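Observations on chain architecture
Take a look at the letters that make up each chain.
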Amino acid sequence: MEKALLYQRIIEQLIDLFKKSEDPIARMATACALLYHKMDYYFWCGFYLLKDNELIVGPYQGPLACLKLAHNKGVCWAGVREKKPVIVPDVHQFPDHIACDERSQSEIVVPVFTPDGQVYGVIDVDSDRLASFDETDARFLAQVADMIFRS
Ligand code: SME
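Report on the accompanying structure. The model shown is predicted, which means the values in this text are computed figures rather than measured ones.

The rules we used
- Residues numbered from 1 in each chain as written.
- Predicted model: local features only at pLDDT ≥ 70, side-chain atom pairs only at ≥ 80, totals over all residues.
- Heavy atoms only, no water.
- Phe/Tyr/Trp six-rings, centres within 6.5 Å; stacked < 30°, edge-to-face > 60°.
- Helix = DSSP H or I, 4+ residues; strand = E, 2+ residues; numbered from the N terminus.
- Buried < 20%, exposed > 50% of the residue type's maximum accessible area, 1.4 Å probe, protein only.
- 1 Å grid on protein atoms, 1.4 Å probe; cavity = no way out; pocket = protein on both sides within 12 Å on 5 of 7 lines; lining within 4 Å.
- Points joined across faces, edges and corners; volume = space filled by probe spheres on them.
- Nonpolar A, V, L, I, M, F, W, Y, C, P; charged D, E, K, R; others polar.
- Polar contact = N/O pair within 3.5 Å; in protein donor to acceptor, adjacent residues only side chain to side chain.
- Contact = heavy atoms within 4.5 Å.
- Near = heavy atom within 4 Å.
- Areas by Shrake-Rupley, 256 points an atom, 1.4 Å probe, with all protein chains shown as cover.
- Sits in = over half its atoms within 2 Å of the grid points.

1. Quick word on the packing of aromatic side chains
- As enumerated under the stated definition, the model contains 7 aromatic pairs in all.
- Ring plane angle 55 degrees and centroid distance 5.8 Å describe the contact between Y41 and F133, whose orientation is recorded as tilted. One end of the pair, Y41, is in the loop between α2 (24–38) and β1 (44–51); the other, F133, is in the loop between β6 (119–127) and α4 (135–147), with 92 residues separating them in the sequence. Each member of the pair, Y41 as well as F133, carries the same accessibility label: buried.
- Among the aromatic residues, ring-to-ring pairing joins Y41, Y42 and F133 into one connected group.

Shown next as structure tokens:
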């Protein structure tokens, strides 16, 4: 099925599921479980959360990941700094990419904002294939990010 259609279905499911709880951890856990099991090119899917100027792993699905990311290095921190989606077609070409798992080949990071517009953390998705992510992933993952704090 076409990527956009799959995402559309996932968003519809999440709208329904998120009616059951406004808790951001419950919503993040639900979002990455659904995404990870529906998108076949996802190798890892989860959240890194900004706490005391550190990025700490949040809810995720997939292989074991880094608990904490070195300050201001890698793709997730780039998403925090730029406050917009970062698409990396080949992680080996990204200067200070942090490899939590050597099998990752491409990656996308999308910031999550609090209702007052502060960066709360990021959604991070890895693929074990090159160039898995494009503007469609960025657009729909930004929608998921927007839903974490929406009542
Ligand atoms: N590659 C990320 C680190 C997190 S893992 O991909 C799960 C980065 O460079 O920030």
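There is more to say, and it comes next.
2. Some points on empty space enclosed by the protein
- Scanning all chains against the criterion turns up 1 cavity of 30 Å³ or more.
- Roughly 160 Å³ of volume is contained in the largest cavity.
- For the largest cavity, the lining is made up of 18 residues, of which I98, C100, E107, D124 and D126 are closest to its centre.
- Within the residue set of the lining of the largest cavity, elements represented by two or more residues are β1, α3 (74–82) and β6.
- With 3 residues, α3 is the single largest residue contributor to the lining of the largest cavity.
- Split by residue class, the lining of the largest cavity holds 11 nonpolar, 3 polar and 4 charged.

3. A few points about the side chain of D101
- Residue position: D101 is located in the loop between β4 (86–88) and β5 (106–113).
- Within the structure, the side chain of D101 is placed 2.8 Å from the side chain of R103, a separation counted as a polar contact.
- With near-sequence residues (within four places) excluded, D101 lies in contact with F43 and P63.

4. What about the site of the ligand?
- For the ligand, the full set of nearby residues is W44, Y48, L69, G74, V75, C76, H97, I98, C100, E107, D124 and D126.
- Measuring from an oxygen atom of the ligand, one finds a backbone N or O atom of V75 at 2.9 Å.
- Take E107: an N or O atom from its side chain is 3.0 Å from a nitrogen atom of the ligand.
- About the coverage of the ligand: the protein hides 99% of its 310 Å² of free accessible area.
- Cavity membership is defined here by more than half of the atoms lying within 2 Å of grid points; on that basis the ligand lies in the largest cavity.
- Of all the elements in the fold, those that place two or more residues in the shell around the ligand are β1, α3 and β6.
- In terms of residue count, α3 provides more of the shell around the ligand than any other element does, 3 residues in total.
- Among the residues making up the shell around the ligand, the classes are represented as 7 nonpolar, 2 polar and 3 charged.

Limitation: the analysis is restricted to geometry and does not speak to function.
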